[in-house]
Amino acid sequence: MAAPLDQKRPDLSRALVDAGFAALVTFGLSFPILALRTEQDMQNRLIVEPRWSWSVIAVMVVFCARLLAGLLSDWRARALAIPGALIAVFGAHMGVTQALTHGAGITALGLALLIGAFALDARLRDAPAPVAAPRAERADRSRLISMAGLAALFLFPFVMLAWLGPQGSLKWINNYGVQILIYVMLGWGLNIVVGLAGLLDLGYVAFYAVGAYTYALLSTTFGLSFWICLPLAGVLAAFWGVILGFPVLRLRGDYLAIVTLAFGEIIRVVLINWTDFSNGYAGISSIPRVTFFGVPFTAADDGFAAMLGLEFTPIHRTIFLYFLILCLALLTNVVTLRLRALPIGRAWEALREDEIACRSLGVNTVNTKLTAFALGAMFGGFAGAFFAVRQNFVSPESFTFIESATILAIVVLGGMGSQIGVALAAVAMIGGTEILRELDFLKQIFGESFDPAQYRMLIFGLAMVVMMIWKPRGLISSRTPSIFLKKRTAVAGSLVREGRG
Amino acid sequence: MENFLQQLVNGLTLGSIYGLIAIGYTMVFGIIGMVNFAHGDVFMLSAFIALIIFLALTQLLGLASMPVAFLIVLVAAMAFTALWNWAIERVAYRPLRGSFRLAPLISAIGMSIFLSNFVQVVQGPRNKPVPPMFTDLIHLTDGPLGVTMSYKQILIMAVTAALLLGFWFVVQKTALGRAQRACEQDRKMASLLGVDVDRTISLTFVIGAALAAVAGTLYMLYYGVVNFTDGFTPGVKAFTAAVLGGIGSLPGAVIGGLLIGLIETFWSAYFSSDYKDVAAFSVLAVTLIFMPSGLLGRPEVEKV
């Protein structure tokens, strides 16, 4: 920052005015929706009850946060001070109203954080700006990191199993491992369409649904096995990708976005209403579970456990599912990386950068767009078939717009086109929302009526906004070009055009 | 014939609501080229605000006159929703101005998720029924199947028409409208000529939210029930309407809204209500195949 030094110095009166204004706005925002609660009474009539305390708390929180943000100039100090102040106030409140013995301790902790933040801010303000460390040679290191990451992924279920036992590790392998990997795969699939070819697709979940229903219907009506249905799911999803692709080829940017969104909604509405085909809202249940290439994961004599002479536990199936989705995701990754080096992959990226230049140089834009759509859809279909075999149950509820939005957010947050970035973003977003399920301990602080699950999606939405503001170009914004003259060097993300369709 | 006329009345009522929301989409898109995904949820929020103010007026303050209550509710909902959208723009979109194109879109989707869950947390997940208002009917034709029009429907169409007229006046005749149209054409040039671009964009969000609040109040009045999930479907329909009419075009948004409302109502009346969403979206897809920039949109000319 080239700002003069005295401007960097926080100014108490300016910070106070600013915080007062923010508090006033918060009061305006909170007045009808927060301060008055609608409730149904015994006669089922809607009545309204004042609840001023919520509004007052919101105003106070915003005032304190804004004031501290105005007084502290460094974001690290702010990140320390604002929770510190909240903890201090909360501790004091608890100590006074509920005679909580820890009240004083909590207050002291908050105050300590607050003082620490001011000290940190003073030090950082006087310190010279840090000089960016020179970048080490990255090619070798990134290869090493990805190999280590891969090894860790393969070892993850066994480490968990050894550490927590079959009961304790089930949650970690299933809710974290499998769930995150599904989104990694979906993110990589959509990355072909959005990140590489630059076509904004808001209805990706439709292909996921096509894959899931393909397996669900074929296995329940014709008794086909998962390994036959998996390629069929991919082919059918790709087919739908082409069907959707044809009419929208002429559309650009946001027109493409709304048509893909509409397509996703159409598929969902049809699945809900065409009961003869899809059983409507009730969905399709008792879909055959996954087998180890024909050997079922049961306690029976011909089961997987008996075959290998192991003691039967359901964790075997979960671990197999984990490796299945890991291999599928890696397949997506490898195919994408290889395609990038082929003419078609270069054509996608060229199309993203400049469609008119592409056309003038003789790139067949129709085929380029269609292949991107079809391939992206195919991987969505694979993931869908996996979803069906994992859940044993599919219903239209699983394929709402929120899913499409989440996958798109993963791609954009990952840095549009960066494979590792997409994987990191999936871990952050899906792992983060799963962790939010574990907040039951907050009940001890806020009382039994506090239900943390309610706040899960609220925090999810807020995190999406915050992460975009923090890193608008995604976590990994530099690109490695697929073709280069002499030396492979990373390209800054700001030099890369975005998906315009 | 009577059925047709009846459905025409119903369709125009629904279309008015869509048109009012669609203006918010189209204005924001026109000026900053962003699909404001949270707009549907701002609409839902405004319906809740209207509901709460209505209940507060009638229960806590004991106001008995319905027309007065309606007028106060309308104005207050417009004001509070406008404040909300102003704050949302300030917090979630302004820091991303000039950033790359998909960043504000994702931020808006996050905001949309936040808003609907926020309303769920603070007001509860249940449906909120509203006592019926303005239920008297006017018989336009006689007979057992006669065409009727409720006071509600007349009110909705009248309020929509009046506000659209006022809005048209603001955009065409005032300095704010001139600044807004200038920013829409060329933001950089407008700022060089002394237009405060940030302020104009803020005001665009404020106006869009005020119109969405009108739609929200009318929606609450018409259906008599609101829920925190009510933002998504009307939002997507209104966005569809804006695209159908040609995104960026204000008359296009209104025409698109009316068209979508009519398509939905007629499809429900003559075929099946299950597939009314499919009908609306299919019409959109077919229109875009033959008219890629919508009914009244300017074709996008790309200079090399």
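Note that the structure is predicted; figures quoted are calculated from it, not measured.

What follows covers the overall build of chain B. In terms of helices and strands, chain B carries eleven helices and four strands. Taking the contacts inside chain B whose residues are at least 6 apart along the sequence as the reference set, 75% of them involve residues at least 24 apart.

What follows is about the overall build of chain A. The helix and strand inventory of chain A stands at 19 helices and four strands. Looking at the 501 residues of chain A, the share that counts as buried comes to 47%. By element, 67% of the accessible surface of chain A is carried by carbon and sulfur atoms, the whole surface being about 24700 Å².

It is worth spelling out the interface of chain B and chain A at this point. The interface is formed by 69 residues belonging to chain B together with 62 residues belonging to chain A. Summed over the three residues of chain B that lose the most area to chain A, namely Phe100, Arg101 and Ile106 of chain B, the buried surface amounts to 11% of that side. Summed over the shared surface of chain B and chain A, the number is eleven residue pairs in polar contact (both at pLDDT 80 or more). Of all the elements in the fold, those that place two or more residues in the side of chain B that touches chain A are helix H2 (39-60), helix H3 (66-93), helix H4 (102-123), strand S1 (128-129), helix H9 (232-245) and helix H11 (276-290) of chain B. If one sorts the elements of the side of chain B that touches chain A by residue count, H4 of chain B sits on top with 16 residues. Taken together, the residues of the side of chain B that touches chain A break down into 49 nonpolar, 13 polar and seven charged.

Residues and elements named next belong to chain A. By the definition in use, this model includes twelve salt bridges over all chains. Note that aspartate 18 and arginine 66 form a salt bridge whose closest N and O atoms lie 2.8 Å from each other. Of this pair, aspartate 18 sits in helix H2 (residues 12-35) while arginine 66 sits in helix H3 (residues 52-71), and the two are 48 residues apart along the sequence. In this structure, the salt-bridge partner of glutamate 349 is arginine 352, at a minimum N-O distance of 3.4 Å. Here arginine 352 and glutamate 349 lie together in helix H13 (residues 343-353), a separation of three residues that amounts to about one turn. This pair shows no difference in class: glutamate 349 is buried, exactly as arginine 352 is.

So, on to the pairing of strand S1 (residues 36-40) of chain A. Residues and elements named next belong to chain A. Of the pairings in the sheet, the one linking S1 to strand S2 (residues 46-50) comprises five bridges and is antiparallel in character. The residue of S2 that forms the bridge with glutamine 40 is leucine 46. Connecting the antiparallel pair S1 and S2 is a turn made up of five residues, with asparagine 44 showing a positive phi of about 65°.

Contact pair H2 of chain A / H3 of chain B: the axes reach a minimum separation of 9 Å and the direction vectors enclose 130°. When the axis of H2 of chain A is compared with that of H3 of chain B, the two are oblique. Where H2 of chain A crosses over H3 of chain B, the handedness of that crossing is left-handed. Along the contact surface, H2 of chain A presents Phe21, Val25, Gly28, Leu29, Phe31, Pro32 and Ile33 of chain A, while H3 of chain B presents Phe80, Leu83, Trp84, Trp86 and Ala87 of chain B. Its residues assigned to classes, the contact of H2 of chain A with H3 of chain B shows eleven nonpolar, one polar and no charged.

Predicted coordinates in areas of low pLDDT are best not read in detail. On average, residues of chain A carry a pLDDT of 81, and 85% of them reach 70 or more. For the stretch residues 1-6 of chain A, pLDDT sits under 50, and the model shows zero contacts to residues farther than four places along the chain or on other chains.

This next bit is on unusual backbone geometry. If you check the backbone angles, asparagine 279 of chain A has positive phi at about 65° while not being a glycine. Tracing the backbone through its elements, the reader meets asparagine 279 of chain A in the loop between helix H10 (275-278) and strand S3 (291-292).

Below, the discussion takes up a nonpolar patch on the surface. All names here are of chain B. Taken together, the side chains of Ile255, Leu259, Val286, Phe290, Met291, Leu295 and Leu296 make up a nonpolar region of the molecular surface, amounting to roughly 600 Å² of accessible area. Mapped onto the nonpolar patch, the elements with two or more residues apiece are helix H10 (250-270) and H11. Its place among the elements puts methionine 291 in the segment after H11.

Attention shifts here to the environment of tryptophan 274 of chain A. As for its position among the elements, tryptophan 274 of chain A is in the loop between helix H9 (253-273) and H10. On the basis of relative accessibility, which here comes to 43%, the residue tryptophan 274 of chain A falls in the partly exposed class. With sequence-adjacent residues up to four places away left out, tryptophan 274 of chain A is seen in contact with Asn279 of chain A together with Tyr275 of chain B.

Our next topic: the packing of aromatic side chains. This model, assessed by the stated rule, comprises 38 aromatic pairs over all chains. Summarising the aromatic geometry, the rings of tyrosine 219 of chain B and tyrosine 223 of chain B are spaced 4.9 Å apart at their centres and angled 50° between planes, so their arrangement reads as tilted. Here the residue tyrosine 219 of chain B and the residue tyrosine 223 of chain B both occupy positions in helix H8 (residues 197-223), the gap between them amounting to four residues, near one helical turn. Residue classification places tyrosine 223 of chain B among the partly exposed residues on the basis of a relative accessible area of 41%. Where tyrosine 222 of chain B meets tyrosine 223 of chain B, the ring centres are 5.1 Å apart and the plane angle is 75°; that geometry is what we call edge-to-face. Chaining the aromatic ring pairs together yields one cluster made of Phe154, Phe156, Phe158, Tyr322 and Phe323 of chain A.

Thresholds, definitions, all that
- For every chain, the first residue of the written sequence is number 1, and numbering continues from 1 onward in sequence order.
- Chains carry letters and ligands carry numbers; both start at the beginning, A for chains and 1 for ligands, and go up in the order they are written.
- The predicted origin of the model limits local features to residues at a pLDDT of at least 70 and limits the giving and counting of side-chain atom pairs to 80 or more, whereas totals for whole chains, interfaces and linings rest on all residues.
- Hydrogens are left out, water is left out, and the side-chain values use all remaining heavy atoms of the structure.
- Comment: elements are numbered from the N terminus, with helices defined as DSSP H or I runs of at least four residues and strands as E runs of at least two.
- Any two residues whose heavy atoms approach within 4.5 Å at even a single point are treated as in contact.
- Here the term buried applies to any residue with accessible area under 20% of the maximum for its type, exposed to any over 50%, and partly exposed to those in between, with areas from a 1.4 Å probe on protein chains only.
- Residue-level accessible areas treat just the shown protein chains as cover; the underlying method is Shrake-Rupley with a 1.4 Å probe.
- By buried area we mean how much accessible surface two parts lose on assembly, using a 1.4 Å probe and totalling the loss over both.
- In protein, a polar contact requires one atom able to donate a hydrogen and another able to accept it; more generally it is a pair of N or O atoms within 3.5 Å, and residues adjacent in sequence count only if both atoms are side-chain atoms.
- Only Asp, Glu, Lys and Arg are considered charged in this grouping, and only Ala, Val, Leu, Ile, Met, Phe, Trp, Tyr, Cys and Pro are considered nonpolar; every other residue, Gly among them, is considered polar.
- Throughout this description, the term salt bridge denotes a Lys or Arg side-chain nitrogen within 4 Å of a carboxyl oxygen of Asp or Glu.
- The pairing criterion for strands is at least two bridges between them, as found by DSSP.
- Lines are fitted to the C-alpha atoms to define the axes, a helix being fitted only along its stretch in contact, and any angle between axes, read from their N-to-C directions, falls within 0 to 180 degrees.
- Our angle categories are set so that under 35 degrees counts as roughly parallel, over 145 as roughly antiparallel, 65 to 115 as roughly perpendicular, and the remainder as oblique.
- In this scheme the handedness of a crossing depends on how the near helix is turned from the far one: anticlockwise by less than a right angle means left-handed, clockwise means right-handed.
- By definition, pLDDT measures how confident the predictor is in each residue, and it falls between 0 and 100.
- Only residues above 30% relative accessible area that lack a salt bridge enter a patch, with like-charged residues linked at up to 9 Å and the nonpolar side chains Val, Leu, Ile, Met, Phe, Trp and Tyr linked at up to 5 Å.
- Whether two aromatic rings pair depends on their centres lying within 6.5 Å, for rings of Phe, Tyr and Trp, where Trp uses its six-membered ring; planes under 30 degrees apart make the pair stacked, over 60 edge-to-face, and the rest tilted.

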